[in-house]
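# Observations on the three-dimensional arrangement
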Amino acid sequence: TEADTNTDTKAKSLSYDLEEEDARPRAGASDPELGKAMTFYMDKINSTPSSAIVTDIKTALAQLDADVIIHAMGAAIDERKTSWSYIRAIIQRYCREGLTTLAAVQESEQQYLQRAEQSAWKRTSPRQGAGDPAMDDLEALHRMFSEEEP
């Protein structure tokens, strides 16, 4: 019927950039999972979601745990970017990277933070062989005071 065709078209609106053979839907997303994700969305983001958003969340639940979708919404709230397109982009990234559980998402985020911290440390640490005048002065003061007798 025409209504079924429209529903199928809307269900495909959440593109995950995955190849057909890579998309491994979980055994039917249960209604409690949908309820959990929708309750979070309606309580924290928008109390009146569009039918397209509901369909997108149903589609995402075929591949991701509800907790992962809720985490994506929480990340959007933290960034103060609660548009559905922003949330959908986060969900798409999780799918693209194969992050289907909350534990996998959290591990990925932890690795990202560690890489960012290391990168920042490398940018702020002095180059080998290049003397830092302020550090040289501190070291000289330290030597001067450590050599003095009490």
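Residues numbered from 1 in each chain as written. Predicted model: local features only at pLDDT ≥ 70, side-chain atom pairs only at ≥ 80, totals over all residues. Heavy atoms only, no water.

### Concerning helix α2 (residues 31-44)
Between its first and last C-alpha atoms α2 spans 20 Å; for 14 residues at 1.5 Å apiece the expected length is 20 Å, and the two agree. Buried residues along α2 sit against α3 (51-61), α4 (66-78) and α5 (84-96). (Helix = DSSP H or I, 4+ residues; strand = E, 2+ residues; numbered from the N terminus. Expected span 1.5 Å × (residues − 1). Contact = heavy atoms within 4.5 Å.)

### Considerations on the pattern of salt bridges
If you walk through the whole model with that rule in mind, you get three salt bridges. A salt bridge links Asp-56 to Arg-88; the nearest nitrogen and oxygen atoms lie 3.4 Å apart. Placement of the pair is Asp-56 in helix α3 and Arg-88 in helix α5, with a sequence separation of 32 residues. On the basis of relative accessibility, which here comes to 1%, the residue Asp-56 falls in the buried class. Taking relative accessible area as the criterion, Arg-88 reaches 24% and is therefore assigned partly exposed. A salt bridge links Glu-97 to Arg-93; the shortest N-O distance between them is 3.6 Å. Residue classification places Glu-97 among the partly exposed residues on the basis of a relative accessible area of 44%. Take Arg-93: its relative accessible area is 30%, and that puts it in the partly exposed class. (Salt bridge = Lys/Arg side-chain N within 4 Å of Asp/Glu carboxyl O. Buried < 20%, exposed > 50% of the residue type's maximum accessible area, 1.4 Å probe, protein only.)

### Notes on the confidence of the model for the protein chain
With 70% of its residues at a pLDDT of 70 or more, the protein chain shows a mean pLDDT of 79. Within the model, pLDDT remains below 50 along residues 3-13, and this stretch shows six contacts once partners closer than five positions in the same chain are excluded. Confidence drops under a pLDDT of 50 for residues 15-28, and excluding neighbours within four residues, the segment shows 23 contacts in the predicted structure. (pLDDT = per-residue confidence, 0-100.)

### Here we look at the packing of α3 against α4
In contact at an axis separation of 9 Å, α3 and α4 are set at 130 degrees when each is read in the N-to-C sense. Here α3 lies oblique to α4, going by the angle between them. Judged by the twist between their axes, the crossing of α3 over α4 is right-handed. When α3 is examined against α4, the residues Ile-57, Ala-60 and Leu-61 are found in contact with a partner set consisting of Ala-66, Ile-69 and Met-73. (Axes fitted to C-alpha atoms, helices over the stretch in contact; angles between N-to-C directions. Parallel < 35°, antiparallel > 145°, perpendicular 65-115°, else oblique. Left-handed = near helix turned anticlockwise from the far one by under 90°.)

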